[in-house]
Amino acid sequence: MGFLNPRALRWKIAALTAAACCAVATVIGLLVHQSTQDHGQRAGRDRAATQLHAAEQEYARTGERPAAADLMTRGEVPGPLARDLAGLSRSGEYALWYDEKPPNWYWMWAAVPVGDKVLVVRTDMSAEVRGLQLLDRSIIKAVLAALAVTVPLAALATEPINRRLRHGARTARRIADGDLDARIGHPGRARDEITEISTAMDVMAAALQQRLESERRFTADVAHELRTPLMGLVTAAGLLPDHDEAADLVRTEVSTLRGLTEDLLEISRLDAGVEHARLDEVPLGELVTDVVRRLGGVDEVSARDAHVVRTDPRRVERVLTNLITNAQRHGAAPVQVTVTGTRIAVRDHGPGFPADLLDHGPQRFRTEAAERGRGHGLGLTIALGQATVLGARLTFANAADGGAIATLELGHFT
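The notes below deal with the structure included here. (Residues numbered from 1 in each chain as written. Predicted model: local features only at pLDDT ≥ 70, side-chain atom pairs only at ≥ 80, totals over all residues. Heavy atoms only, no water.)

### Observations concerning the pairing of strand E8 (residues 336-341)
Line of reasoning, step 1. As paired elements, strand E6 (residues 300-306) and E8 share five bridges and run parallel to each other. Its bridge partner being in E8, Val301 is matched across the sheet by Val337.
Line of reasoning, step 2. As judged from the five bridges shared by E8 and strand E9 (residues 343-347), these two strands associate in the antiparallel manner. Looking at the pairing, Thr340 lines up with Arg343 of E9.
Line of reasoning, step 3. Linking E8 back to E9 in an antiparallel pair, the connection comprises one residue. (Pairing = 2+ DSSP bridges. Helix = DSSP H or I, 4+ residues; strand = E, 2+ residues; numbered from the N terminus.)

Listed below in structure tokens is the structure:
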């Protein structure tokens, strides 16, 4: 997972950290903004009241309008200030009005009645407003600077967690690919949820390994135990008279049993990992043509574009034989074999592969689809195992116009 992948866990945690920082900064910023605004307006009211008090005293001494104040009739007083003035209940009180018209008009008005006139002063509040705006910008800049530091630090701080999760994912993929000895382990001293998951996965992998090894041993033991009595059956069947219906039936069933036993032995060897390819330069077209000729039952063979490949011809023959046999038994004519470069495709025109096989690959002792006939499912499993030994890729698909297609791509895919 790349460091800059926006879907990575580190960036989700960093985004959550950034959201939390922004939420805290917003709350604190609003509180500071409101407190500063209230303080500025209180200071403006106090300043206006002080100016009005001084103007009132000067007017009382001289009887003339002070230079710092206006003397108005009650009709000349602005509406909001006049309403506040009308609400005064006793002498000595001042009427106040904050006249705000953004972006450049901020005044605090104060008024007091003097006889039939009204003494009015105005105090400029622009300095307080500019100070508040400067404070807001400073808060925003500080938050952005904090985010510029916090988000990368949060992303880097999650790297140990991401490293442990990636290690667990790699181990799980190794187990899925057949490395049953792979374990996550418990690096470091952390005792958290990731450690619990790692422990559970290791326990699961150990149990899975034990069960699979028991299955392999059972399969190998059964196949080996069957060989001795089976050879006796083969010998006895060979002594039966020819052209006898019962004898022919016995020979057929004994041959089927012998093939199943050999398949089980081959499966056990593949599972044990003791099979190794013996590579040689092989003209693929000639090899496929020879296999098809000896096997029979193929309606069309095309090998004009075949290459010479370095592979194990015996194992290629085994894979191809199983694919053709599967197409003949469970598909429908015509069966076609096509060689293109280093790719061999076997196609039939039957009902196609079942959906479960396409999704999960062939599974022993399962054929899934009744319309493809009965069988034990070992043929495709062996073909897939031999392809893995070859370092080749075996894929299964259904043709758009019907039929199953099995494709063997020779090369280094493992």
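### Thoughts on the sheet that holds E8
Line of reasoning, step 1. If you walk across this open sheet you meet the five strands as E6-E8-E9-E11-E10, and the pairing is mixed. One side of each edge strand has no neighbouring strand; the edge strands of this open sheet are E6 and strand E10 (393-398). Along the sheet, successive strands turn relative to each other by an average axial angle of 15°, direction set aside.
Line of reasoning, step 2. On the sheet, helix H7 (residues 284-295) packs against E6, E8 and E9 and is oriented at approximately 170° with respect to E6.
Line of reasoning, step 3. The strands touched by helix H8 (residues 313-330) are E8, E9, E10 and strand E11 (404-409); relative to E9, the strand with the most contacts, the crossing angle is about 20°. (Axes fitted to C-alpha atoms, helices over the stretch in contact; angles between N-to-C directions. Contact = heavy atoms within 4.5 Å.)

### Considerations on the sheet that holds strand E4 (residues 117-124)
Line of reasoning, step 1. The strand order E1-E4-E3-E2 describes an open sheet built from four strands, whose pairing is antiparallel. One side of each edge strand has no neighbouring strand; the edge strands of this open sheet are strand E1 (70-72) and strand E2 (95-101). Between one strand and the next, the sheet's axes are offset by a mean angle of 30°, whatever the strand orientation.
Line of reasoning, step 2. Across eight bridges, the pairing between strand E3 (residues 105-114) and E4 is antiparallel. If you follow Val112 over to E4, its bridge partner there is Leu119.
Line of reasoning, step 3. In the packing of helix H3 (residues 126-157) onto the sheet, contacts are made with E2, E3 and E4, and the angle to E3 comes to roughly 145°.

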